[in-house]
Amino acid sequence: MKMKRLTGTGAGLFLVAALSFLTLAGCGSKPETYKYSISYVDSAQTRTVQVGYKPENESIDGLIQEFLEQLSKDTDSVEYVRTIPRGVEIQSWEVAQDCLNIDFNRAYDKLDAVAEILCRLAIVQTMTQIEGISSVSFLVRGEPLRDGKGDIVGSMTIDSFVENPGEQINSYQHATIDLYFSNTEGDALLKETQEVYFNSNIAMEKLVIEHLISGPKSRDARKTLPDETKLINIAVVDGSCYVNLNENFMNQNYEIQEPVVIYSIVNSLTALSNIDRVQISVNGDTSGVYRDELELSKMYEPDYGFVELKVGKTVIIKE
């Protein structure tokens, strides 16, 4: 096992990210003229972007050091930003067998959930290109990184992330999604099944939120999200979905009960096979509460206690 202290400009490298990722969102394709690429985060903070890169080093240690330094540099592009900016410092790294362990300072824990996932994805994409590195493990001051449920994240590979690489941008797909809206009284949820035709470059979780914002097609249902609500980003990792909405999400119609709004989002997203739990943030902030008592920092699992037995009619929506 080798322990390496990160060298380079200043006290060290810095790490921050910026998602939904689609779900996580897709990434750019690697140019065929390059053996390696550096993964950055796009300016909209929805996906990673891979840019071809020719390294100066050939050894494993040299490539690791060089790639980490590249991840910390500013870019000249307006389409993507550097993956490791100022604020979160990589204190050291080590290779144990085929796993690269990266240790960060405490500032890493202050990253919002979606930003942290995009950052993690970009690092894993970049570092696992190196022969002999098949996974990456993340630590904070020597302690294993934990997810929103408090579980240890463990070593990550590309397969740990859910992505839509957008390789078939002009193709369309068909899917059936279950959406949960409020009943007319605002005290229960109605399930509405929609058949949607959509561009294959759109992640399903993003599609679900967009249709929740658009509202129901059934006459006996009411929308739960304000018209001005915008999806900033969304990501899915290990069954956990992180939804980041803008501040207009808080401008709610108080005729609809508080749990009905939250579980409208949670039940609709967990209806997808790859999502088990949901965390909601507002402009990346999970420190507050929604209205009176529902904490944003909580990971919510589906709750069908608010669902009425009747089901809204099936409607076909073409995107």
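Only a predicted model underlies this, so the values are computations on that prediction, with no experimental measurement involved. (Residues numbered from 1 in each chain as written. Predicted model: local features only at pLDDT ≥ 70, side-chain atom pairs only at ≥ 80, totals over all residues. Heavy atoms only, no water.)

**Let's talk about the overall build of the protein chain**
Convention followed: Working definition: helices are DSSP H or I runs of at least four residues, strands are E runs of at least two. Numbering for both runs from the N terminus. Between buried and exposed lies partly exposed: a residue is buried under 20% and exposed over 50% of the maximum accessible area for its type, with that area taken using a 1.4 Å probe on protein chains only. Areas reported as accessible are Shrake-Rupley estimates using a 1.4 Å probe. Residue values count occlusion only from the protein chains shown.
On a plain count of helices and strands, the protein chain comes out with 4 helices and 18 strands. A buried classification covers 54% of the 319 residues belonging to the protein chain. Carbon and sulfur atoms make up 45% of the accessible area of the protein chain, which amounts to about 14800 Å² in all.

**What to know about the packing of aromatic side chains**
Our working definition: Only Phe, Tyr and Trp rings take part, Trp by its six-membered ring, and two of them pair if their centres are within 6.5 Å. Stacked means planes under 30 degrees apart, edge-to-face means over 60, and tilted covers everything else.
A complete count under the given rule lists 9 aromatic pairs for this structure. Centroid distance tyrosine 36 to phenylalanine 67: 5.5 Å. Interplanar angle 65°. Geometry classified as edge-to-face. Within this pair, whereas tyrosine 36 is found in strand E3 (residues 36-42), its partner phenylalanine 67 is found in helix H1 (residues 60-71), the two being separated by 31 residues in sequence. Since its relative accessible area comes to 0%, phenylalanine 67 is described here as buried. Note on tyrosine 263 and phenylalanine 306: the rings are 5.9 Å apart at their centroids and 20° apart in plane angle, and the pair reads as stacked. Here tyrosine 263 is found in helix H4 (residues 258-270), whereas its partner phenylalanine 306 is found in the loop between strand E17 (294-295) and strand E18 (307-318), with 43 residues between them in sequence.

**Considerations on empty space enclosed by the protein**
Where empty space is left in the structure can be found by rolling a water-sized probe over the atoms. The condition that has to hold: Lining residues are defined by having an atom within 4 Å of a point belonging to a cavity or pocket. Those points lie on a 1 Å grid over the protein atoms alone, cavities being sets where a 1.4 Å probe fits but cannot get out and pockets being open sets with protein on both sides within 12 Å along at least five of seven lines. Grid points are joined across faces, edges and corners, and a volume is the space filled by probe spheres set on the points. Gly is placed with the polar residues, together with every amino acid not listed as nonpolar (Ala, Val, Leu, Ile, Met, Phe, Trp, Tyr, Cys and Pro) or charged (Asp, Glu, Lys and Arg).
When its volume is computed, the largest cavity comes out at roughly 60 Å³. Every residue along the wall of the largest cavity is listed here: Ile117, Arg120, Asp147, Val153, Val237, Asp238, Ser240 and Tyr242. When contributions to the lining of the largest cavity are tallied by element, the ones reaching two or more residues are helix H2 (113-127) and strand E14 (240-245). Its residues assigned to classes, the lining of the largest cavity shows 4 nonpolar, 1 polar and 3 charged. Each pocket or cavity is described by its volume, and for the second largest cavity that value is around 30 Å³.

**Some details on the environment of arginine 86**
Tracing the backbone through its elements, the reader meets arginine 86 in the loop between strand E5 (80-81) and strand E6 (89-96). Given the relative accessible area of 61%, arginine 86 is considered exposed. The spacing of arginine 86 and serine 72 is 14 residues in sequence and 8.1 Å in space, taken between C-alpha atoms.

**Let's talk about the sheet that holds E3**
Counted only if it meets this: Pairing between strands requires that DSSP locate at least two bridges from one strand to the other.
Spatially, E4-E3-E5 is the arrangement adopted by the 3 strands of the open sheet, whose pairing is antiparallel. Looking at strand neighbours, the two that pair on one side only are strand E4 (48-53) and E5, the edges of this open sheet. Across 6 bridges, the pairing between E3 and E4 is antiparallel. Across the sheet, the residue bridging to tyrosine 40 is valine 49, located in E4.

**Structural notes on unusual backbone geometry**
Of note in the backbone geometry, aspartate 238 takes a positive phi value of approximately 50° without being a glycine. Secondary-structure assignment places aspartate 238 in the loop between strand E13 (231-237) and E14. Judged by relative accessible area, which is 46%, aspartate 238 ranks as partly exposed. A positive phi angle is found at arginine 291, which is not glycine, with a value near 60°. Topologically, arginine 291 is positioned in the loop between strand E16 (289-290) and E17.

**Regarding the packing of helix H3 (residues 204-214) against H4**
Spelled out, the test is: What counts as an axis is a line fitted to C-alpha atoms, over the stretch in contact for a helix, and the angles between N-to-C directions run from 0 to 180 degrees. Crossing handedness follows the turn of the near helix against the far one: under a right angle anticlockwise gives a left-handed crossing, and clockwise gives a right-handed one. Whether two residues are in contact is decided by their heavy atoms, any of which lying within 4.5 Å being enough.
Two numbers describe how H3 lies on H4: the axes approach to 10 Å, and their chain directions differ by 145°. Crossing of H3 against H4: the hand is right-handed. Every residue of H4 that contacts H3 at Glu205, Val208, Ile209 and Leu212 is listed here: Ser264, Ile265, Ser268 and Leu269. Considered class by class, the residues forming the contact of H3 with H4 number 5 nonpolar, 2 polar and 1 charged.

**Let's talk about H2**
In plain terms, the rule: Each residue after the first adds 1.5 Å to the expected span of a helix.
The end-to-end C-alpha distance of H2 is 21 Å, a good match for the 21 Å that 15 residues give at a rise of 1.5 Å each. Along H2, 14 of the 15 residues are buried, which leaves the element largely enclosed by surrounding structure.

**Here's the deal with the environment of glutamine 194**
As a reminder of what qualifies: Think of a polar contact as two N or O atoms within 3.5 Å of one another; within protein, one of them needs to be a possible hydrogen donor and the other a possible acceptor, and neighboring residues in sequence only count if both atoms come from side chains.
Tracing the sequence through the fold places glutamine 194 in strand E11 (residues 189-199). Exposure remark for glutamine 194: the relative accessible area of 0% places this residue in the buried category. Sequence spacing of glutamine 194 and lysine 217 is 23 residues, and the spatial spacing of their C-alpha atoms is 8.8 Å. Of the polar contacts made by the side chain of glutamine 194, one reaches the side chain of histidine 211; its length is 3.4 Å.

**Details of the pattern of salt bridges**
Side chains carrying opposite charge are able to pair once their charged atoms draw close together. Stated precisely, the cut-off is as follows: When a carboxyl oxygen of Asp or Glu lies within 4 Å of a side-chain nitrogen of Lys or Arg, that pair is called a salt bridge.
Inspection of the entire model under this criterion finds 6 salt bridges. Between arginine 222 and glutamate 255 there is a salt bridge; the shortest N-O distance is 3.1 Å. In this pair, arginine 222 is assigned in strand E12 (residues 221-222) and glutamate 255 in the loop between E14 and H4, connecting sequence segments 33 residues apart. Judged by its relative accessible area of 53%, glutamate 255 is exposed.

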